[in-house]
Amino acid sequence: MAAYLCPPAVIHGEHTVQTSQIVAEVRDRHPDATWAPRIDGIAASTGIESRGWMLPLEAAVAPGSGGGLPAAGIGQARQALAGDGFTEQDVDRVIAALEAIPAPQTVQERTAPAWAAVQSCGERAARGALQIAGLDTSDVDCLITSHSTTPALPGLDVSLANKLPLREDVLLLPATQWACIAGTRSLALAADLVAADPDRVVLVVIAEALSTTYQPADDTLESLIVRLLFADTAVAAVVTGRPRPESALRLDASWNHTLPGTQDLHRLETREDGTHFVMDRRGPRAVQETVTAMWEWLRLRYQDDPGSWHPDVLLAHPGGTRVLEYMEQTMPDGWPSGLLEYSRDSYTSGNRGGAAVFDIMRRAYDAGQEPGSRAVLYAAAPGLTATALEGEWL
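Bear in mind the structure is a predicted one, so any value in this text is a computation, not a measurement.

Re the side chain of Thr149
Then, in step 1: Checked against the element boundaries, Thr149 lands in the loop between strand E5 (142–146) and helix H7 (156–163).
Then, in step 2: A polar atom in the side chain of Thr149 sits 2.9 Å from the side chain of Glu208.
Then, in step 3: In this view, Thr149 contacts Glu208, Ala209, Leu210, Thr212, Thr213, Leu268 and Thr275; residues no more than four positions away in its chain are not counted.

Quick look at the structure:
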């Protein structure tokens, strides 16, 4: 399979949002929520004090441009009030009061500025990755992109093809529904592409504005957790079929897994006021099943050397620290501690979704890895589906 990965470029959201700001906003908006007395403890349990967003918190909580009474309903409302015995003066007062009620942002109001930011940050990441790899835009033969939280057609692939710009014959492969596995699955696909043509150069770009799932009106405990977890990030990296001086990691094998009957556990829903990330409390346990399946894949892969082989670093995005703890508890006997150090470090500034594994890899690379050290990359996503890769630091 051998594919060669250059160090990724990572662009963090430029607007720092403190957890204390989110707690204050939510407490003010939902003072009577059943979980309101526990909000400080819930926020502290995430271990996240701040995260970077592509847009400021104010953009997420601002009211929409319209009033509480849709324009199409004013005439009907007037008729109903008049028919119920209200005087014309009373009708005017009621209509004015209804129109003054702040309306939530529409899908367009919420998504359009985030989509513009995703394109801009994605372009910066792409240019950064090419610079790191010592390549030019004209060297790119294939572009793989993912952005699950800002649906658009054409998508990030066509946007970058024009912005960079890329050659007209570049193969564009958008994968907007990969979500949290975008990092690992894009690398697995890129490895297959360069295996078919070792001279091919693949550019991977993932840009996620997960802050668009911050929905002020939602008052469920799960919605509170979503508000506290997510960060915005754009990442990019170059994959080649032959080693380059800039190559940092050789990818040797990949593994994919889908857990049947779990498609409703975690999902995105598009409603009138934008994108909602819906979580089910059964999700972490289902993700754990994919972790167990990955351990079995590695066991079979190294069954001839079970006593001495182990990864030297594990770059994992299982969706949360709870599953990271499970991974540590279920690692094979004899594996060293601290394999998830960089994964934990990344989570302290938010869940980055599909961009997470690239961010974690960049942290490991910057810390320095001995040539010949073994690495395992893993991610799970709504579905529930997972992809892992195994390779060696160069």
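After presenting the structure, the write-up continues.
Side note on the nonpolar core
Then, in step 1: Of all hydrophobic cores here, the largest spans 39 residues; its most connected members are Ile144, Leu187, Val202, Leu249, Leu315, Leu377 and Trp393.
Then, in step 2: Per-element tally for this core: the top contributor is helix H8 (residues 182–196), with 7 residues.
Then, in step 3: Discounting residues that sit within four places of it in the chain, Leu377 has contacts with Thr184, Leu187, Leu249, Leu315, Val357, Thr387, Ala388 and Leu389.

Comments concerning the pattern of salt bridges
Then, in step 1: Using the criterion set out here, one finds 22 salt bridges in the structure.
Then, in step 2: One salt bridge in this structure joins Glu25 and Arg29, with 2.6 Å as the shortest N-O distance. A residue pair is termed a helical-turn pair when its members lie 3 or 4 positions apart in one helix, as Glu25 and Arg29 do in helix H1 (residues 19–29) at 4 residues.
Then, in step 3: Its relative accessible area of 13% is what places Glu25 among the buried residues.
Then, in step 4: Residue classification places Arg29 among the partly exposed positions, given a relative accessible area of 37%.
Then, in step 5: A salt bridge links Arg271 to Glu269, with the shortest nitrogen-to-oxygen separation between them at 2.7 Å.
Then, in step 6: By relative accessible area, Arg271 is classed as partly exposed at 35%.
Then, in step 7: The partly exposed category is assigned to Glu269, whose relative accessible area is 23%.
Then, in step 8: A single salt-bridge network, built from bridges that share partners, covers Arg250, Asp252, Arg301, Arg374, Glu390 and Glu392.

About the thresholds
- Residues numbered from 1 in each chain as written.
- Predicted model: local features only at pLDDT ≥ 70, side-chain atom pairs only at ≥ 80, totals over all residues.
- Heavy atoms only, no water.
- Helix = DSSP H or I, 4+ residues; strand = E, 2+ residues; numbered from the N terminus.
- Polar contact = N/O pair within 3.5 Å; in protein donor to acceptor, adjacent residues only side chain to side chain.
- Contact = heavy atoms within 4.5 Å.
- Core = buried A, V, L, I, M, F, W, Y, C linked by side-chain atoms within 4.5 Å.
- Buried < 20%, exposed > 50% of the residue type's maximum accessible area, 1.4 Å probe, protein only.
- Salt bridge = Lys/Arg side-chain N within 4 Å of Asp/Glu carboxyl O.

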